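Read off the chains here:
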Amino acid sequence: MGTDTGKRRISIFGATGSIGQSTIDLIRRDALAYDVVALTGGHNIAQLAKDAIDLNADIAITAHEEKLGDLKQALAGTGIEAASGPTAMEEAATRPCDWVMSSIVGAAGLLPGLRALEARATLALANKESLVTAGPLIMATAQAHHARILPVDSEHSAVFQGLVGEDIDAVERVIITASGGAFRDWPMEKLATATLAEASSHPNWDMGQRITIDSASMFNKALEVIETKEFFQINPDQIEVLVHPQSLVHALVGFNDGALMAHLGAPDMRHAIGYALHWPERRELPVDRLDLAKVATLDFRAPDETRYPALRLAREVMAAGGLTGAIFNAAKEIALDGFIAGQIGFMDMAGLVEDTLTRLDGDSGLNHTAMTLDNVLAADQMGRDVARELIAAKN
């Protein structure tokens, strides 16, 4: 798209989260190359305002309308516009832009991402829930508006890079790796008593609380399995998961000649963010270089689906199709809320999601309903309502 300043116009949705902050770190290193249009955040108004001022953004938006007064006060006298709520985020996503980082956590990232694609921006997609809830809609919207989606999850960026110059029809399998999270070496009987603090500490990655807990339960990887299917348009039985405790191999692509192409790098999200930011070029990034002699050993093992039932549920969701992904993600988000609030235990989350899917299976015809935005949003709400009812019944 370009602008008359010669700078790339960019927006960051989810600017105050870990992905957003890593994106801002890269942008600051070459600030004269960018015009920042919009930054969005949640409760961390101080960080949102500071970044908006430092980057001279056009507008800063908080997701929480009750925080608008605080944001306006923090931006007073700067000339930066302040706004709040989902409608303001949608509007900001329609503003002329070359590149948009979509890193809002959860289904809340779906609408801004769609609007950015409709505005023909390149969408750097770190919001995996968009493809889980509405994959066909997201991909069709990009195609209809001649917009490009670049994956930012480390696993999907690794697969994307492994496919450069390759024919997707020659791919036999895609292997995405998982650290195993905080509880990968815990005995099964101990998981039922896992605390919020224990689940919120990741052994390898520096991420937000919700993603860290999702990593411990492997729900994060379950979402990524579905995301792999939707983004690369491959069959579910071609997608494998391996537990790789070092988090140095992010994904592997297997071809019909038996070759495996692996992407390795330090566990730093600036790898994937930087690749998407500079694509199709590959530029120097401020990340650690691997010393393989020091690493010495790379370990892999098959995931135990008794320990990680989320992976089995992801397979069932892909088999069901339709709007089942929207139900799955909605129930997962409510289950996570319930665990954080102390209403259910760590191992109760997968059971709650499965019970929600079972309750809604068949009666609502979700796997035969058209994939429209209204239907996706209705299925999302349905899943949340049922999951909340199930939690209330336990308490």
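Going by the structure above, here's the rest.
Residues numbered from 1 in each chain as written. Predicted model: local features only at pLDDT ≥ 70, side-chain atom pairs only at ≥ 80, totals over all residues. Heavy atoms only, no water.

## Here we look at the overall build of the chain
Counting secondary structure elements, the chain contains 17 helices and 11 strands. The globule rule puts the C-alpha radius of gyration for 395 residues at 21 Å, and the 20 Å found for the chain is close to it. Each principal axis of the C-alpha atoms in the chain carries an extent, and together these give about 55 × 50 × 40 Å. By residue count, 54% of the 395 residues in the chain fall in the buried class. Surface summary for the chain: the accessible area is close to 16700 Å², and the carbon and sulfur share equals 49%. Where the 33 positive side-chain charges of the chain centre and where its 53 negative ones centre are 4 Å apart. (Helix = DSSP H or I, 4+ residues; strand = E, 2+ residues; numbered from the N terminus. Rg over C-alpha atoms; globule rule 2.2 N^0.38 Å. Buried < 20%, exposed > 50% of the residue type's maximum accessible area, 1.4 Å probe, protein only. Areas by Shrake-Rupley, 256 points an atom, 1.4 Å probe, with all protein chains shown as cover. Lys, Arg positive; Asp, Glu negative; His and termini not counted. Charge placed at Lys NZ, Arg CZ, Asp CG, Glu CD.)

## Things to note about a nonpolar patch on the surface
Judged by side-chain polarity, Leu264, Leu290, Leu292, Leu298 and Phe300 come together as a nonpolar surface patch covering roughly 390 Å² of accessible area. Structurally, Phe300 can be placed in the loop between helix H13 (292-295) and helix H14 (309-320). A residue is classified by how much of its surface remains accessible, and Phe300, at 37% relative accessible area, is partly exposed. (Patch = residues over 30% accessible without salt bridge, like charges linked within 9 Å, V, L, I, M, F, W, Y side chains within 5 Å. Salt bridge = Lys/Arg side-chain N within 4 Å of Asp/Glu carboxyl O.)

## Description of the environment of Leu357
By the element assignment, Leu357 lies in helix H16 (residues 348-360). You can call Leu357 buried: its relative accessible area is 14%. Between the alpha carbons of Leu357 and Leu313 there is a distance of 9.3 Å; along the sequence they are 44 residues apart. Not counting the four nearest positions on each side in its chain, Leu357 is found in contact with Val317, Thr324, Ile327 and Phe328. (Contact = heavy atoms within 4.5 Å.)

## Remarks on H14
The terminal C-alpha atoms of H14, which comprises 12 residues, lie 17 Å apart, in line with the 16 Å expected from a rise of 1.5 Å per residue. Within H14, the full set of buried residues consists of Pro309, Ala310, Leu311, Leu313, Ala314, Val317 and Met318. Of the surrounding secondary structure, the elements contacted by the buried residues of H14 are helix H10 (209-217), helix H11 (219-232), strand E9 (239-243), helix H15 (324-340) and H16. Trailing H14 by a residue or two, Gly321 shows a phi angle of about 70 degrees, which is positive. (Expected span 1.5 Å × (residues − 1).)

## Points about the sheet that holds strand E1 (residues 8-13)
Ordered in space as E4-E3-E2-E1-E5-E6-E7, the 7 strands form an open sheet in which the pairing is parallel. The two strands at the open ends of the sheet, each matched to only one other strand, are strand E4 (81-84) and strand E7 (149-151). Within the sheet, the average angular offset between the axes of one strand and its neighbour, ignoring direction, is 20 degrees. The sheet contact formed by E1 and strand E2 (residues 34-41) spans 5 bridges and is parallel. Bridging across to E2, Phe13 finds its partner in Thr40. Helix-sheet contacts for helix H12 (residues 270-278) involve E1, E2, strand E5 (99-102), strand E6 (122-125) and E7, and the interaxial angle to E5 is about 155 degrees. (Pairing = 2+ DSSP bridges. Axes fitted to C-alpha atoms, helices over the stretch in contact; angles between N-to-C directions.)

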